[in-house]
Amino acid sequence: MLRFLVIFMAMAFTAFAQEAELLKGADAPANGMWVEQLDLSKMSQGYGTSQAARSIVGKPITLKGVVYPHGVGTHADGAMVIDLKGAAERFIAMVGVDDETAGKGSVSFDVWVGDTLAASTGTMHGGDAPKLLSVDLRGAQQVTLETTDAGDGNGFDHADWGGALLLLKPGATAKPESLATAVATDDAPQIAPFADALEPVIHPPRIVGATPGRPFLFLIPATGEAPLTYAADNLPPGLALDTATGIVSGSLLGIGTTQVKLIVRNAKGETSRTLTIVGGERKLALTPPMGWNSWYVWGPMITDAQMRAAADAMVSSGLAAHGYQYVNIDDGWEAGRDAEGNIQTNERFPDMSSLGDYIHARGLKFGIYTSPGPKTCGGYMGSYRHEAQDIRAYAEWGVDFVKHDWCSYGGIAKDKSLEEMIKPYRHLQTALETCSRDMVYSLCQYGMGDVWKWGADVNANLWRTTGDSGDTWGIMSSIGFKQDGLEKFAGPGRWNDPDMIQSGMLGMAAAPRPTHLAPNEQVTQMTLWAIIAAPLLLSCDLTQLGAFDKALLMNDEIIEINQDVLGQQGNRRAIDGRTEVWARPLSDGTLAVGLFNRGVAKKEITARWSDLGIEGKQPVRDIWQHKDLGECADAFKVEVPGHGAVFVKIGIPTISQPS
Ligand code: GLA
């Protein structure tokens, strides 16, 4: 027995050594095909463009001092899907984080054969010895080479598939081909087209709050054939409604909760809904903020004219009527300081107060960006040592939302302790408490120091939980699906923020281009963001929304779930290979349930009552399609397209809402 084991181990070792040697070679064996010979433009990656025989930044692929003449250099999160055409017998590669990161970065390399995880390295850090992956492909149709960020953001995740080689069947004539990872073409998502009813309808939020004595502004979100007229019963003292525009403004006189009956009328009829108005110290963002931010479309070259165009389009596209409220400038507006230390705006922002007025005149809210260090991430003037002064300037400009980054504060912090990490956010907290306006407080320090555990202590209303997103499936999906476990830290007024919605025309450049996410991937993002009660901050060119964008972003049942007043963030309830079931308890006693397919091929997914904590016959409604699907006894099964999602509401409402 022992003898056989020794022989077996010796053979395995020899095979390992032979494969490792092959991967370092300049020439492929007779039956070999370098993976780099496939069309790499179909790969997805978290940064840059994947390279043939080079690292992601174009240097020789180098792992622990060994240079691989062949292979694919990529960046997590990303994937390559290969249709094997039945021609392959084995895949081998030597994988690791490229030496060029000098020890930084961490990646997991996963090889999926069909829907089965055939090999995984687990987390590999920069500087780790490379690992050999060797996967049997006999009988396989499809293999996916995936890199993930190993759960800690994708900074420096330069991932090398060193020498990646497909060994083909002797005499194989068919050749493997790469497939697009944005599963764009087949299986268009099943979502209802955008079509507002002619009758008046009032949309979320159902609850808003403000500090008494500070300016209050709220546009009643309502759709229906124009002109609409608005009325409100029981408005709290200090507030007034403009009956032609639906804008409620003024300033609350005292603390306390008021149920206001909103009424909207037009030629087709009349509707009403209760809006709860809460007066209290910084009772802000009682539902996840909805709006727009300039970053992913215009980058740091944002202008006053583009901000005004965004505010106009927010109204003309219908977004404002469906509940989107914030119009936020990101980085790129700042200049230096004057002799008294007052922050100056650059030539692209000649008059911030007038921009604030322009946004407010439409009933919308105005957001701004800054950073606690001397410089922002874009290299502009930061708020270091001028926090209170800057907040006073923002208040004069009419700012309602401030995003506070981290950039360049790393050089100021004395050490890496939690206390030093929290300190800059306390400075801004104090400034916000003492200024004359309410500003929603948004932290952007990428989740460092488990910000979700202390964000609410510095009075933040939302905090980014990860590094920057992007419009690739790899980065967006890895960020989204990583939010599981954070649900206990979110609630009204304090939200986990997995970054902005990656739909529409984007690009951080003068000429925006369409998102790289396929339609199903966008459906996945909106579904997941609704389940996890994430802020819905769009970042595309609002003047160029297409029919699909409108159907995606203004689906009222999705928005109702995102804005549910209970404010309970959902989480993952079941996982099976690359399919996942997530659920969010809603204020009416029902459950919002997302069935997600992270794989490429379509797949039947089952949401089992036992995983959802419910029992007995339950009605199921398709949220995206606005369709009742009938009752199910103990599970709901549905086919879900690759990278797509199906979103249902399960159960009979048992808890009534103020109507
Ligand atoms: C960081 C943030 C982004 C954006 C830029 C601006 O990267 O995470 O959202 O604000 O800074 O420079």
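For every chain, the first residue of its written sequence is number 1, and the numbers climb from 1 along that sequence. Two thresholds apply to this predicted model, a pLDDT of at least 70 for residue-level local features and 80 or more for giving and counting side-chain atom pairs, whereas whole-chain, interface and lining totals are computed over all residues. Just so you know, side-chain values use all the structure's heavy atoms and leave hydrogens and water out.

**Some remarks on the site of the ligand**
The following threshold applies: One heavy atom within 4 Å of a molecule or strand makes the whole residue count as near it. Here a polar contact is taken to be a pair of N or O atoms separated by no more than 3.5 Å, where protein atoms must pair a possible hydrogen donor with a possible acceptor and residues adjacent in sequence count only if both atoms sit in side chains. For the accessible areas, the method is Shrake-Rupley and the probe is 1.4 Å, while residue cover comes only from the protein chains on display. Amino acids outside the nonpolar list (Ala, Val, Leu, Ile, Met, Phe, Trp, Tyr, Cys, Pro) and the charged list (Asp, Glu, Lys, Arg) are all regarded as polar, and Gly is one of them.
Close to the ligand lie Trp 295, Asp 330, Asp 331, Tyr 369, Cys 377, Gly 378, Lys 403, Asp 405, Cys 444, Tyr 446, Arg 464 and Asp 468. In the environment of the ligand, an oxygen atom lies 2.8 Å from a nitrogen or oxygen atom belonging to the side chain of Asp 331. Isolated, the ligand exposes 310 Å² of accessible area, and the fraction of that covered by the protein chains is 93%. Broken down by class, the residue content of the shell around the ligand amounts to five nonpolar, one polar and six charged.

**Focus on unusual backbone geometry**
Put simply, the rule reads: Helix and strand labels come from DSSP, where a helix needs a run of H or I of at least four residues and a strand needs a run of E of at least two; each type is numbered from the N terminus.
Look at the link from Ala 76 to Asp 77: it is a cis peptide, with omega at -5°. Tracing the backbone through its elements, the reader meets Asp 77 in the loop between β5 (71-75) and β6 (78-83). Here the phi dihedral of Asn 459 falls at roughly 65°; this positive angle occurs in a residue that is not glycine. Relative to the helices and strands, Asn 459 resides in the loop between α7 (451-454) and β30 (462-464).

**Quick look at the state of the cysteines**
Note the threshold: In plain terms, two cysteine sulfur atoms within 2.5 Å form what is called a disulfide here. Residue exposure (1.4 Å probe, protein chains only): buried if accessible area is under 20% of the type maximum, exposed if over 50%, otherwise partly exposed.
What the rule picks out here adds up to one disulfide. Bridging Cys 377 to Cys 407, the disulfide has an S-S length of 1.9 Å. Judged by the torsion about the S-S bond (95°), the Cys 377/Cys 407 disulfide is right-handed. Taken together, the residues Cys 377 in the loop between β27 (365-370) and α5 (387-397) and Cys 407 in the loop between β28 (401-404) and α6 (418-434) connect sequence positions 30 residues apart. Of the residues examined, Cys 377 reaches a relative accessible area of 38% and is grouped as partly exposed. Summary of cysteine pairing: Cys 444 is not part of a disulfide, and the nearest cysteine sulfur, belonging to Cys 377, is at 6.5 Å. Assessed through its relative accessible area of 2%, Cys 444 is described here as buried.

**Things to note about helix α9 (residues 519-531)**
Stated formally: What a helix should span is 1.5 Å times the count of its residues minus one.
The end-to-end C-alpha separation of α9 is 19 Å, in line with the 18 Å expected for 13 residues at 1.5 Å each. What α9 keeps buried is the set Asn 520, Glu 521, Gln 522, Val 523, Thr 524, Gln 525, Met 526, Thr 527, Leu 528, Trp 529, Ala 530 and Ile 531. Backbone geometry just after α9 places Ala 533 at a positive phi near 50°.

**A word on the packing of α5 against α6**
The test is simple: For helices, the fitted line uses only the C-alpha atoms of the stretch in contact; every axis is such a line through C-alpha atoms, and the angle between N-to-C directions lies from 0 to 180 degrees. Note on terminology: angles under 35 degrees are roughly parallel, angles over 145 are roughly antiparallel, angles of 65 to 115 are roughly perpendicular, and the others are oblique. Note on convention: near helix rotated counterclockwise from far helix by under a right angle means a left-handed crossing. Clockwise means right-handed. In this description, contact between two residues means that some pair of their heavy atoms is separated by no more than 4.5 Å.
Contact geometry for α5 and α6: axes closest at 9 Å, N-to-C directions at 45°. Judged by the inter-axis angle, α5 sits oblique to α6. In this structure, α5 meets α6 at a crossing whose hand is right-handed. Between α5 and α6, the contacting residues are Glu 387, Ala 388 and Ile 391 on the first element and His 427, Leu 428, Ala 431 and Leu 432 on the second.

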